[in-house]
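What the coordinates show
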Amino acid sequence: MSGGVETVRFTLNGVEREAPKGMLLIDAARLHGVDIPRYCSHPGLKPEGNCRMCVVEIEKMPKLQTSCTTPVQEGMVVHTESERVLEERRRVMEFLLVNHPIDCPICDQAGECMLQEYYMRHDLQPSRVELEEKIHKPKRVDLGPLVVLDAERCVLCSRCVRFCRDVAGVEELAIKNRGGHAEITAFPGRRLENPYSGNVIDICPVGALTSRDFRFKVRVWFLKTAESVCPGCERGCSIHIEQYQNEVQRIRPRENLRVNRYWICDFGRLDYRWINENRLLSAEGPSGRLRPEEADREAARLLREAKAPLLVASPRMSNESLFALRLFREKALPEARIAGGSFREPWEGDAILKRPDRNPNRRGMETLGLAGGPEEALRAGPDLVLVIENDLLGDRPEAKELLTGKKVIVLASNRDATASAAGLRVPVATYAETEGSWTNFEGITQTFHPVLRPVGDSRSVAEALAGIAAALGADLGPVDAGTLRAAVLREAPQLDPARGREEDGRVG
Amino acid sequence: MIAETRVITARMNDTDSHTLEGARAAGGYDAARKAFAMEPEAVTALVKESGLRGRGGAGFPCGLKWSFLRKERDVTYLCVNADESEPGTFKDRLILERDPHLLIEGILIACRAIRCAHAYLYIRGEFDLPYRRIRDAAAEAYRAGLLGPDAAGSGHPIDLTIHRGAGAYICGEETGLLNSLEGRKGQPRIKPPFPTDAGLFGKPTVINNVETLANLPFILTSGAEAYRAHGTEKSPGTRLFGVSGHVERPGLFELAMGVPMRALIEDLCGGVRGGKRLKAVIPGGSSTPVLTAEEAMAVTLDFESVQEAGSMLGSAGVIVMDETTDMVKALDVLIRFYAHESCGQCTPCREGVIWIARTLHKIAEGRGGRADLEKLEDLAHGITGNTICVFSDAAAMPVLSFLSKFRGEFEARVSGAGREGAA
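Attention in this report is confined to the structure presented alongside it.

Thresholds, definitions, all that
Residues numbered from 1 in each chain as written. Chains lettered and ligands numbered in written order. Predicted model: local features only at pLDDT ≥ 70, side-chain atom pairs only at ≥ 80, totals over all residues. Heavy atoms only, no water. Helix = DSSP H or I, 4+ residues; strand = E, 2+ residues; numbered from the N terminus. Buried < 20%, exposed > 50% of the residue type's maximum accessible area, 1.4 Å probe, protein only. Contact = heavy atoms within 4.5 Å. Areas by Shrake-Rupley, 256 points an atom, 1.4 Å probe, with all protein chains shown as cover. Lys, Arg positive; Asp, Glu negative; His and termini not counted. Charge placed at Lys NZ, Arg CZ, Asp CG, Glu CD. Pairing = 2+ DSSP bridges. Axes fitted to C-alpha atoms, helices over the stretch in contact; angles between N-to-C directions. Phe/Tyr/Trp six-rings, centres within 6.5 Å; stacked < 30°, edge-to-face > 60°. Arc of directions from axis to C-beta. Buried area = accessible area lost by both parts, 1.4 Å probe. Salt bridge = Lys/Arg side-chain N within 4 Å of Asp/Glu carboxyl O. Polar contact = N/O pair within 3.5 Å; in protein donor to acceptor, adjacent residues only side chain to side chain. Nonpolar A, V, L, I, M, F, W, Y, C, P; charged D, E, K, R; others polar. Core = buried A, V, L, I, M, F, W, Y, C linked by side-chain atoms within 4.5 Å.

What follows deals with the overall build of chain A. Helix and strand content of chain A: 17 helices and 22 strands. In terms of overall dimensions, chain A has a C-alpha envelope of 85 × 50 × 35 Å along the principal axes. Evaluated residue by residue, chain A yields a buried proportion of 59% over its 508 residues. Partitioning the contacts of chain A with sequence separation of at least 6, the portion at a separation of at least 24 is 66%. Per element, the accessible surface of chain A, about 21,000 Å² overall, is 50% carbon and sulfur. Between the centroid of the 72 positive side chains of chain A and the centroid of its 75 negative side chains there is a distance of 1 Å.

Here is the structure:
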């Protein structure tokens, strides 16, 4: 242990270990690679101790103790796999399965259900339940816009209730009734509709709370996952993007204690359809569809002919793309003006995650010297504007006046308002198809990784710029994300994704 | 022939025992005034000396519990547990109905001892007359200045809030009571922290049973020695025994602890009804293990003797069963209560008690097999000691004791089903 944290020594399954003083046993064990099974315990929620799955044997204590509520103490001798412990886990599993429907083949949680997993690890016994009928509870309960409840599958761990109360700060869910008839419910006259409601789906350990958006779309074992970052606002929550057949199917939060802990907002959770839909698949000019090299030549021609070209960057571009744009101007178009910014209106932030600025990389853009605001630059009278990943017209329709009379080239992933109005549109890949990094409002830089193949003719922004530069007779050099990042860090070491990671070891 | 020892019930037979006037005529509130003339620590010391043990069921020493309060504290709460819901137990209701001022006086004394300015009385929602009586008595006490900003002329404020429960057995469990008082679902809290450290609204809190507090006026007035003159050394004082079931004269009797069970049943209750033979006795409320007739007749009514016999004095709700009792049916009814009342928080209790209840009902209806008996025992062992509170133990103990002591009846029932050996 380091960093001045007071530690205690304890014995875990016969091996002497250290842990920070006051840490709960379940976490202290995890620290040393011992995974104690759990349902009600979640690192982001206050301890509850109701599922009894995490019980451990502590020498000199007559009863088994819940490791999720017991702090580790100096000299404690803990057994997590003793006969008594394993027997109790088996019992808990047996109790949970008395009334739980065995509908794994149709349950949406199959493949990531803790009941299934722990049954394989700790139970594996034939059922002793000889009752005529299981207790039936409501199915397909409409809890809120995002969440559907199957009360029969619920193990009453109360994670969802505690999440709403303690994290989202709303009293929307409760457990009604008692004993075997207890069930999750929304408070009378209320719905589960807080802006973070989707998190209850992720933390539900079984198939009780399912995503209305994801239900029955695809079996989870077919999904491929990549670590990514939410582009929804300047918080830049760590996320997992999951795809099947090259379409994003689901976005889930990724644990990052410095940025978003274990959560994402509902907007971020659903902010993926644009990656799948309305994509710009090939370059298009006034005469129609163009092949990539034709588009590069056409862009080069327009840029060469322009008297006062303006390059407009976006706070949605990655640090690597922004750097590539600077290279482009430096090597291929030194006479061009360059500006960065967005017309995207801020929204109301909150004290949990949401930030007012709806761009993920304003800090990176500013650090790389590209801030300035597009409005002033557009009013300065350019005759040609190259807009990159920036839907100026979609974000502010009045901006049409600013573009009137100017030639417009757009590098865009989607057929958005600006792309539609442009004379030449060149497809680029989304963040889900490329590698890059964004720097959030606190200066924390995180990398995202491709989970999809770029659709159609789309390339990364850097590749597209390199193509146009080549047509202009300039060589940008290697434009892969690694090379560009190294160049970024030579100039701005504060944009290093590795910075701060060592503090908690879990930054994305 | 034994007689009752009237300490708590001394003035309960008076017509106006529930009024302030009636209480005062019999010396009511003299003890409270005496307590306010003493230092709080001295009140606690006196109660410790008396040996008063909690009457809620666990029998924990009252003064010792008070002394566990965190020393440095800004606010202290007293919670009075009047959520009397255990089948067979009906002692607190008598105090609430007949002598609510005795309880209020006990509250004042306890508040003095623990430096509490706000007591909460949590009363079972189904108690109608007891509620009206304690409510009216509190109003009288406020009007008379016994409660309020200058409680009993002490210069200290003491308020009393009466809160009616909505009908859940588990709200009589001390931390379930706290949750319910705070407006949450009545479910127990994990300990530690103990209520004396972080209880109601997170503040140090003492939770005392109605009968426990009702003993305090006598202890203050007559002293520890006079109190110890009743009962046994380890179980001093008197106890309110609520006898129900198959006796000629069921009712509530105040006896010095240590009196033989036989004397209670045969002398005070007039023996088993209709001259029938005694079959079994549950000595301390439905959650305590059942005793056979022989065991019951050998015990004396104090914490130690009943414990030595393998049961508990608990809430002193004595349930008497004669030879006509169908023990399978009796347990079936009893466990149905527990299955209904499990709060559902912990997995073993939520799922286990209801599984036990359904299996037992199957057996009671003649549809069970021999293997069901083994399973019942196994399930009862499986829910014991593995939950946040002791409710599951309370449900398991009757099962295990009925099965072990009256096994023949259970075996006869399953073999009669013609499914011998079936699970």
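That was the structure; now back to the text.
To continue, consider the sheet that holds strand β8 (residues 291-292) of chain B. Through backbone hydrogen bonds, the strands of a sheet pair up, either in parallel or in antiparallel fashion. Residues and elements named next belong to chain B. Strand order in the open sheet formed by 5 strands is β6-β5-β9-β7-β8, with mixed pairing between adjacent strands. Only two strands of the sheet have a single partner each, and these edge strands are β6 (251-256) and β8. Note: strand β7 (residues 278-282) against strand β9 (residues 317-322), 4 bridges, orientation antiparallel. Each residue of the ladder has a partner; that of V281, found in β9, is V320. Contacting β5 (238-245), β6, β7 and β9, helix α11 (residues 261-268) runs over the sheet at an angle of about 135° to β6.

All told, the structure shown has 22 aromatic pairs over all chains when counted by the stated rule. Centroid distance F267 of chain A to W347 of chain A: 4.8 Å. Interplanar angle 90°. Geometry classified as edge-to-face. Placement of F267 of chain A in helix α6 (residues 266-270) and of W347 of chain A in the loop between β17 (337-340) and α10 (362-367) is noted, with a sequence separation of 80 residues between them. Aromatic pair Y169 of chain B and F337 of chain B: ring centres 5.3 Å apart, planes at 85°, arrangement edge-to-face. One end of the pair, Y169 of chain B, is in the loop between β3 (159-164) and α8 (174-181); the other, F337 of chain B, is in helix α14 (residues 327-341), and 168 residues separate them in sequence. By relative accessible area, F337 of chain B is classed as partly exposed at 22%.

All names here are of chain B. Buried within helix α3 (residues 40-50) are the following residues: P40, V43, T44, L46, V47 and S50. All buried residues of α3 fall inside an arc of 160° around its axis, so they share one side. On its buried face, α3 is in contact with α2 (30-36), α4 (62-67), α6 (100-114) and α10 (216-228).

To continue, consider the interface of chain B and chain A. How large an interface is tends to be reported as the accessible area lost when its parts come together. In this assembly, 33 residues from chain B lie in contact with 34 residues from chain A. Summed over both partners, the interface of chain B with chain A buries about 2,900 Å², with 50% contributed by carbon and sulfur atoms. Its largest share of buried area at the contact with chain A, chain B owes to R350, W355 and R358 of chain B, together 22% of the area lost on that side. One can count 3 salt bridges joining chain B with chain A. Between D378 of chain B and R128 of chain A there is a salt bridge, and its shortest N-O distance comes to 2.8 Å. Linking chain B with chain A are 18 residue pairs in polar contact (both at pLDDT 80 or more), by the criterion used here. Going through the elements one at a time, α14, α15 (347-364) and α16 (370-383) of chain B are the ones with two or more residues in the side of chain B that touches chain A. Residues belonging to the side of chain B that touches chain A are distributed by class as follows: 11 nonpolar, 12 polar and 10 charged.

We now examine the sheet that holds strand β4 (residues 65-66) of chain A. Residues and elements named next belong to chain A. A sheet is described by the order of its strands in space; here 5 strands give the open sequence β2-β1-β5-β3-β4, paired in mixed fashion. Looking at which strands have only one partner, the edges of the open sheet turn out to be β2 (15-20) and β4. Both strand β1 (residues 7-12) and strand β5 (residues 77-79) contribute to a ladder of 2 bridges, which runs parallel. Following the sheet pairing, L12 is matched in β5 by V78. Helix α2 (residues 83-99) contacts β3 (55-58) and β5 of the sheet and is inclined by roughly 160° relative to β3.

Residues and elements named next belong to chain B. Inspection of the secondary structure puts L108 in helix α6. By relative accessible area, which is 0% here, L108 ends up buried. Taking the C-alpha atoms as reference points, L108 and A32, separated by 76 residues in sequence, lie 6.2 Å from one another. Beyond its immediate chain neighbours, meaning those up to four positions away, L108 contacts Y29, A32, F36, L146, L147, A151 and I158.

Moving on: the nonpolar core. Within the largest apolar cluster, 63 residues are counted, with the highest numbers of intra-cluster contacts made by Y39, L115, F163 and V200 of chain A. Per element, the largest residue contribution to this core is 6 residues, and it comes from helix α4 (residues 159-168) of chain A. Residues in contact with V200 of chain A, not counting those within four places in the same chain, are V147, C160, F163, C164, L192 and L209 of chain A. Core analysis: the next-biggest nonpolar cluster, separate from the first, contains 58 residues, L20, F36, L52 and L121 of chain B among them.

All names here are of chain A. Most of strand β16 (residues 309-313) is tucked away, with 5 of its 5 residues classed as buried. Alternating positions in β16 separate into two faces, P309, L311 and A313 on one and L310 and V312 on the other, with burial throughout. Pairing of β16 with strand β18 (residues 384-388), which is carried by 4 bridges, proceeds in the parallel orientation. When the bridges of β18 are listed, L311 appears paired with L386. Sheet topology places β16 next to β17; 4 bridges connect them, and they run parallel. Bridge pairing in β17 links L311 to I338.

Before going further, it helps to spend a moment on the environment of Y122 of chain B. Residues and elements named next belong to chain B. Along the chain, Y122 falls in strand β2 (residues 118-123). A residue is classified by how much of its surface remains accessible, and Y122, at 1% relative accessible area, is buried. Remark: the alpha-carbon pair of Y122 and R262, spanning 140 residues in sequence, is separated by 35 Å. In this view, Y122 contacts V80, N81, A82, D83, H163, G165, A166, C171, L177, S180 and L181; residues no more than four positions away in its chain are not counted.

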